[in-house]
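# Structural description and commentary
Letter by letter, the chains look like this.
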Amino acid sequence: MYVIAGLGNPGAKYENTRHNIGFMVIDAIAEKNHISVKEKKHKALIGKGMLGGGKVLLVKPQTFMNLSGESVREIIDYYKIEEKTELIVISDDVSLAPGALRIRKKGSAGGHNGLKNIIQHLGHDEFQRVRLGVGEKPSGFDLADYVLGHFDEDDKVLIAESVELAAEAVEVMIAEGADRAMNQFNKKGTGLKE
């Protein structure tokens, strides 16, 4: 079984903010595959279903971003998941342009507190992740204020497209493997700003 954890912050005031793009991807996967993500368990909202020919557990940690690892660790232990191959984490990335998408099989947190906390709880950084660009913070902006802010009108179309693309990418990761998904979705020159 794959655990697909989209990172974000719970509560209406954080809906559709840059930091909640992981939740947005989980919602897109859930809607497309008729999976209800409403069960409260393991400090998260979870939903079980099928995706890409495999069983999946969709996860929206409810611990707030900086403590995402608490929920992810609990789920991995409970379901006995092999986190290096069966965990996929979806998060925002300020170093990628809005609409850009990057799939990796391991790597540092890159300054992302949610990823940092997951790495801390797992004791390693070897897990698959899908990073969605939300754009660099403008100079003079506080990073926290920026990622907790809403998307600019100009970016909304790009973001909606990248959320759908990320949902597709996760399906390919499960059906055909991360390498195949990386080849297909980590393309340069697709009209995205780099």
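The text that follows walks through the structure, step by step, so that each part is easy to find.

What counts and what doesn't
Residues numbered from 1 in each chain as written. Predicted model: local features only at pLDDT ≥ 70, side-chain atom pairs only at ≥ 80, totals over all residues. Heavy atoms only, no water. Helix = DSSP H or I, 4+ residues; strand = E, 2+ residues; numbered from the N terminus. Rg over C-alpha atoms; globule rule 2.2 N^0.38 Å. Buried < 20%, exposed > 50% of the residue type's maximum accessible area, 1.4 Å probe, protein only. Contact = heavy atoms within 4.5 Å. Areas by Shrake-Rupley, 256 points an atom, 1.4 Å probe, with all protein chains shown as cover. Lys, Arg positive; Asp, Glu negative; His and termini not counted. Charge placed at Lys NZ, Arg CZ, Asp CG, Glu CD. Pairing = 2+ DSSP bridges.

## Some thoughts on the overall build of the chain
Summing up its helical and strand segments, the chain has seven helices and seven strands in all. Reading the chain from its N end, one meets helices and strands in the order β-α-β-β-β-α-α-β-β-α-β-α-α-α. Taken over C-alpha atoms, the radius of gyration comes to 15 Å for the chain, in line with the 16 Å a tight globule of 194 residues would show. Residues counted as buried form 52% of the 194 residues belonging to the chain. Sequence separation of at least 24 residues holds for 70% of the intrachain contacts in the chain that already meet a minimum separation of 6. By element, 49% of the accessible surface of the chain is carried by carbon and sulfur atoms, the whole surface being about 9,300 Å². A distance of 4 Å separates the average location of the 26 positive side-chain charges in the chain from that of its 28 negative side-chain charges.

## Regarding the pairing of strand 7 (residues 128-133)
The side chains of a regular strand alternate between both faces of the sheet. With six of six residues buried, strand 7 lies mostly within the body of the structure. Burial of the side chains of strand 7 extends over both faces: Gln128, Val130 and Leu132 are buried on one face and Arg129, Arg131 and Gly133 on the other. As judged from the six bridges shared by strand 5 (residues 87-93) and strand 7, these two strands associate in the parallel manner. Opposite isoleucine 88, over in strand 7, you have glutamine 128 as the bridge partner. Two elements, strand 6 (residues 101-104) and strand 7, share four bridges in a ladder whose sense is antiparallel.

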